Amino acid sequence: MYHLAIDIGASSGRHILGRLENGKIETREIYRFENGVKEDGEYLTWDIESLVKEVIAGIAECGKLGLAPQTIAIDTWGVDYVLLDENKREILPVIAYRDRRVEGIPEQVDAVLPRAELFARTGIQPLDFNTIYQLYCDKAVGRLDRAKHFLMIPAYLSWRLTGVMKNEYTNATTTSLVNAVEKNWDRKLLEKLGIDPALFCRLSLPGEKVGDLKKEIAEQVGFSAEVVFCPSHDTASAVAACPMEEGSVFVSSGTWSLIGTELAEPILCEEAMLGGFTNEGGIHYRYRFLENIMGMWLFQNIRKNLNKKYTYDEMMQMAMESAYTKTFDPNAPTLVAPENMIDAIRELLGEKELPLGDLLSSVYHSLAVSYRKAVQTVEALAEKSVNSIHIMGGGSKDSYLNALTAKVTGKPVLAGPVEATALGNLLCQMMYASPEKSLADMRKIVKASFDIEEVNG
């Protein structure tokens, strides 16, 4: 029995088939495509029609190979969404979270709902690109006037496949519009902001069926399948697959480094907000108490500025050969979408002629120091002793960052699995197909199926 994980990130998407065979998870990449924000002259946007076509093309590839999956699930990044009018036509463009249109909007929302109160209701760190601010901007410019439906990106893609409109809980929590205690859209908050609660269809949990492939889609790809919800926020899927032990802190290392722990209840105090932490929804209503830290985004943009002259391994080697250890705040606003990442980091360090190797070394040390601060905050606010750090995702392949993290934090580091997001997507589908399997069971299977490297500082 095959399951298909469609895992879409800010720069690329992948279709990964998986099945459970002899007590281990087997995976196979079927299709890969490029993704990225585009300039339309006014906004940074997502080419939503291209995404739909690529999603369908990857599903069709399964049919061509004679490997039709029983279930399909989609995960993407958080906070972004699609608005539709009363005829279910998209209100374009679909604007990307890195667009600067929200400048000044958070302060307008503050006047209606102070940040401390917003955090106490939603548990979500007030970041300028959060959905709440994007929607308030839509309201200000009249984009909400025609809107009748609101769907997060993975929910929208699932709708295009099935014709069924539902929003999924883990991704919805990234909006800062879901009440952390009630675990549903916060109607009072929406009404206070002048946003119609009727825009938002009910929230579904990971493991719930969305619908079957529409007839025309099934004919196009050559088979029928059920579309189900995995934890559709990519970090939620990654954490679901992390074979953590009690007392572990996870780092989902990709474009962002999401570092934190799983909790049964949210932490909604002002100290958590001021510490940069958030309470995102996880599988089985668990909370991911974590901090968002700009991670591989820094290296991706440095490499882009250098016209990809160096590989990531070559950049890592340059950093390792440097003795430079001065650090900066990886979450500095000037690093969100700079014209030139190298210049922006040099500006933060106050050294405009800083050699490339030293600059790269500073990025590594800055990330490791930010991880240490996050671990200390978890220990203080969650009142738990952290005994290890589990790094997963693409960034777990960076052996220098792993070793530096172990050294700077003084905690042993476990690295892997690399494809954590797709695995979390798949294991949720496997639990849907075999309800007798628990999350704990599936995490044990992940641990048995993939190499987990132990790193000491």
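Keep in mind that what you see is a predicted model, and the values were worked out from it rather than measured.

Conventions we followed
- Residues numbered from 1 in each chain as written.
- Predicted model: local features only at pLDDT ≥ 70, side-chain atom pairs only at ≥ 80, totals over all residues.
- Heavy atoms only, no water.
- Pairing = 2+ DSSP bridges.
- Helix = DSSP H or I, 4+ residues; strand = E, 2+ residues; numbered from the N terminus.
- Axes fitted to C-alpha atoms, helices over the stretch in contact; angles between N-to-C directions.
- Buried < 20%, exposed > 50% of the residue type's maximum accessible area, 1.4 Å probe, protein only.
- Phe/Tyr/Trp six-rings, centres within 6.5 Å; stacked < 30°, edge-to-face > 60°.
- Contact = heavy atoms within 4.5 Å.
- Arc of directions from axis to C-beta.
- Parallel < 35°, antiparallel > 145°, perpendicular 65-115°, else oblique.
- Nonpolar A, V, L, I, M, F, W, Y, C, P; charged D, E, K, R; others polar.

(A) Highlighting the sheet that holds strand β17 (residues 256–263). One open sheet holds the 7 strands; their spatial order is β18-β19-β17-β16-β20-β21-β22, and the pairing between them is mixed. Two strands bound the open sheet, and with one partner strand each, they are β18 (277–281) and β22 (453–455). Here the strands of the sheet are splayed against their neighbours by 30° on average, with no regard to which way each runs. In terms of strand pairing, β18 meets strand β19 (residues 287–294) through 5 bridges, oriented antiparallel.

(B) Highlighting unusual backbone geometry. Across the junction of Leu92 and Pro93, the peptide omega takes the value 0°, indicating a cis bond. Turning to its location among the elements, Pro93 is positioned in the loop between β7 (81–84) and β8 (94–95). Of the consecutive residues Gly416 and Pro417, the connecting peptide bond is found in the cis state with omega at 0°. Backbone geometry places Asn307, a non-glycine residue, at a positive phi of 55°. Taking relative accessible area as the criterion, Asn307 reaches 69% and is therefore assigned exposed.

(C) Fine view of the packing of aromatic side chains. Considering all chains together, one arrives at 13 aromatic pairs under this definition. An angle of 80° between the planes, with centres 5.0 Å apart, marks the rings of Tyr169 and Tyr285 as edge-to-face. Here Tyr169 is found in helix α6 (residues 169–172), whereas its partner Tyr285 is found in the loop between β18 and β19, with 116 residues between them in sequence. Seen in terms of ring centroids, Phe299 and Tyr364 are 4.8 Å apart; in terms of plane orientation they differ by 45°. Their pairing is tilted. With Phe299 in helix α11 (residues 296–305) and Tyr364 in helix α14 (residues 356–381), this pair connects stretches of sequence that are 65 residues apart. Overall, the relative accessible area of 2% leaves Tyr364 in the buried class. Among the aromatic residues, those joined into a cluster by ring pairs are Tyr81, Phe150, Trp185 and Phe200.

(D) Seen up close, the sheet that holds strand β6 (residues 71–75). Reading across the sheet, the 6 strands line up as β3-β2-β1-β6-β15-β14 and stay open at both edges, with mixed pairing between neighbours. Unpaired on one side and paired on the other, β3 (24–34) and β14 (209–212) mark the two borders of the sheet. Across the sheet, the axes of successive neighbouring strands diverge by a mean angle of 25°, strand direction being ignored. Pairing between strand β2 (residues 12–21) and β3: 10 bridges, direction antiparallel. When the sheet's bridge partners are listed, Ser12 is paired in β3 with Glu34. Where helix α1 (residues 48–64) meets the sheet, it contacts β1 (3–8), β2, β3 and β6, and its direction lies at approximately 135° from that of β3.

(E) Structural view of helix α17 (residues 439–449). Those residues of α17 that sit buried are Leu439, Met442, Arg443, Ile445, Val446 and Ser449. End-on view of α17: buried residues confined to an arc of 155°, all on one side of the axis. Contacts made by the buried residues of α17 are with β2, β3, α9 (234–241), β17 and α16 (420–433).

(F) Region of interest: the packing of helix α12 (residues 312–320) against α14. In contact at an axis separation of 7 Å, α12 and α14 are set at 90° when each is read in the N-to-C sense. In this view, α12 runs roughly perpendicular relative to α14, as classed from their interaxial angle. Mapping the contact onto sequence places Met315, Met316, Met318 and Ala319 in α12 and Leu356, Gly357, Leu360, Ser361 and Tyr364 in α14. Among the residues making up the contact of α12 with α14, the classes are represented as 7 nonpolar, 2 polar and no charged.

Function cannot be inferred from these measures alone, as they are strictly geometric.
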